[in-house]
Amino acid sequence: MAEAERIIGTPDTPGAGPGPEQRDVRGTDGTDDVDGTDGTGRADTAADADASAARPRRRRVAVLFAVAAFAYALDLVSKLLVVAKLEHHRPIEIVGDWLKFEAIRNAGAAFGFGEAFTVIFTVIAAAVIVVIARLARKLYSLPWAIALGLLLGGALGNLTDRIFRSPGVFEGAVVDFIAPKHFAVFNLADSAIVCGGILIVLLSFRGLDPDGTVHKD
């Protein structure tokens, strides 16, 4: 009997094997407890909170770049078609004299203003792209994502013309073709920029910030 007790061990005998409550149990992730704590009884929730907070921002940034890519692609394709099919041809009347498609080369800013400052407008467009990229790091608002996406796509569309079209790099003339009666000729990139700007003004009046917070003056 004594020999059996020595081999099996009892809770009262020195050197006995640890009972279930005495075992050093470790989780598969290296924590001291199987319940996911760090050994001090404190749950490891900081990383989960950070991940949960980052997911909405990533979705908004994805919307921003999706809108920008759509606006940029639409502008690029329209300009390629205009240069190939409409340039050096008679204007196409869409709504009588009120709206025509007429290909022109614009060395100025949107709607043909400031033709003597082509390089400056190129720098401004590049600066707008950088600012939007910085704002994307704290973007949690869906309307702001759409507005900034329109601005980004429009800025990229006209900047592509500035860089790659004649007469030279950073001095290229933008292709415009939408010609309403008694108004300047413009393109889809200009339209995206204007729509994005109007949306930003409306959001600002409502007190909605890019990070999703709402303030009242």
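Going by the structure above, here's the rest.
The structure displayed is predicted, hence computed values, not measured ones.

Conventions we followed
Residues numbered from 1 in each chain as written. Predicted model: local features only at pLDDT ≥ 70, side-chain atom pairs only at ≥ 80, totals over all residues. Heavy atoms only, no water. Pairing = 2+ DSSP bridges. Helix = DSSP H or I, 4+ residues; strand = E, 2+ residues; numbered from the N terminus. Axes fitted to C-alpha atoms, helices over the stretch in contact; angles between N-to-C directions. Buried < 20%, exposed > 50% of the residue type's maximum accessible area, 1.4 Å probe, protein only. Contact = heavy atoms within 4.5 Å. Parallel < 35°, antiparallel > 145°, perpendicular 65-115°, else oblique. Left-handed = near helix turned anticlockwise from the far one by under 90°. Nonpolar A, V, L, I, M, F, W, Y, C, P; charged D, E, K, R; others polar.

A. Here's a closer look at the sheet that holds strand β3 (residues 174-180). The antiparallel open sheet is built from 3 strands, whose spatial order is β1-β2-β3. Every other strand in the sheet has two partners, leaving β1 (92-95) and β3 as the edge strands with one partner each. For this sheet, the mean angle separating the axes of adjacent strands, direction not counted, is 35 degrees.

B. Highlighting the environment of leucine 188. In this fold, leucine 188 is placed in helix α5 (residues 188-205). By relative accessible area, leucine 188 is classed as partly exposed at 27%. Between the C-alpha atom of leucine 188 and that of leucine 74, which follows or precedes it by 114 residues, the distance is 7.5 Å. Here leucine 188 is in contact with Leu74, Asp75, Ser78, Phe177 and Ile178, once residues within four sequence places are set aside.

C. The pairing of strand β2 (residues 99-106), seen in detail. Across 3 bridges, β1 lies against β2 in antiparallel orientation. Looking at β2, one finds that glutamate 93 is bridged to lysine 100. Turn length for the β1-β2 hairpin, with the two strands adjacent in sequence and antiparallel, is 3 residues, and the turn residue glycine 96 shows positive phi of about 55 degrees. Here β2 runs beside β3; their pairing, made up of 6 bridges, is antiparallel. Across the sheet, leucine 99 pairs through a bridge with proline 180, a residue of β3.

D. Seen up close, the packing of helix α4 (residues 142-164) against α5. Relative orientation of the contacting elements α4 and α5 amounts to 150 degrees, with a least axis distance of 8 Å. Here α5 runs roughly antiparallel to α4, going by the angle between their axes. Remark: the crossing between α4 and α5 carries left-handed chirality. Here Pro143, Trp144, Ile146, Ala147, Leu148, Leu150, Leu151, Gly154, Ala155, Gly157 and Asn158 of α4 lie close against α5, whose contacting residues are Ala189, Asp190, Ala192, Ile193, Cys195, Gly196, Gly197, Leu199, Ile200, Leu203 and Ser204. A class-by-class count of the residues in the contact of α4 with α5 yields 15 nonpolar, 6 polar and 1 charged.

The quantities given are spatial measurements derived from coordinates; they are silent on function.
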